[in-house]
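# Structure at a glance
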Amino acid sequence: QVQLVESGGGLVQAGGSLRLSCAASGRPFSNYAMGWFRQAPGKEREFVASINSYGTSSYYADSVKGRFTISRDNVKNMGYLQMNSLKPEDTAVYYCAASTARLGAPTEVYEFRYWGQGTQVTVSS
């Protein structure tokens, strides 16, 4: 299995940027597709972005397309989510997740077996 730890969350003004990191340990990170999800208070966890195990294919939720970029470094066992032009509606706890799917980049919560503890992102207006 793989263990995931997120970092990089915080408080930022609207229009600002943050870079989230996901540190993986345990089995080789290159064995897993990676995704980022978020959950706002009172709402269900929702898909943000995902990337396949090779880093060659990625998908984004429409709400973040053009503003967020997902990436990974399999040598360093790290995943990243660069978030630009942040909006107050981006406020949520952000979770890193790993899926045993390798070729594709899953987008559904149930497709991801391993989860981090989450990091809070707050965007003020």
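Everything in this summary refers to the structure shown in the same document. (Residues numbered from 1 in each chain as written. Predicted model: local features only at pLDDT ≥ 70, side-chain atom pairs only at ≥ 80, totals over all residues. Heavy atoms only, no water.)

## Section: the environment of alanine 33
One can find alanine 33 in strand S4 (residues 33–39). In this structure, the C-alpha to C-alpha distance between alanine 33 and glutamine 117, residues 84 residues apart in sequence, is 18 Å. Setting aside residues up to four positions removed in sequence, alanine 33 forms contacts with Ile51, Asn52, Ser53, Arg72, Ala97, Ala98, Ser99, Ala101, Gly104, Pro106 and Phe112. (Helix = DSSP H or I, 4+ residues; strand = E, 2+ residues; numbered from the N terminus. Contact = heavy atoms within 4.5 Å.)

## Some thoughts on the pairing of strand S5 (residues 46–51)
Across the six residues of S5, five count as buried, placing the element largely inside the fold. The sheet contact formed by S4 and S5 spans five bridges and is antiparallel. The residue of S5 that forms the bridge with arginine 38 is glutamate 46. Joining the antiparallel neighbours S4 and S5 is a turn of six residues, in which glycine 42 adopts a positive phi near 75°. Here S5 pairs with strand S6 (residues 58–60) via three bridges, running antiparallel. Residue pairing for S6: serine 50 is matched across the bridge by tyrosine 59. The antiparallel pairing of S5 with S6 creates a hairpin that spans six residues between the two strands, and glycine 55 there sits at a positive phi of about 80°. (Buried < 20%, exposed > 50% of the residue type's maximum accessible area, 1.4 Å probe, protein only. Pairing = 2+ DSSP bridges.)

## Some words on the environment of glutamate 111
Structurally, the position occupied by glutamate 111 is in the loop between strand S9 (92–99) and strand S10 (114–115). Expressed as a C-alpha distance, the spacing of glutamate 111 and alanine 98, which sit 13 residues apart in the sequence, is 8.7 Å. Of note is the side chain of glutamate 111, whose polar atom sits 3.0 Å from the backbone nitrogen of glutamate 108. (Polar contact = N/O pair within 3.5 Å; in protein donor to acceptor, adjacent residues only side chain to side chain.)

Note that every value here comes from positions in space, so none of it alone points to a role or purpose.
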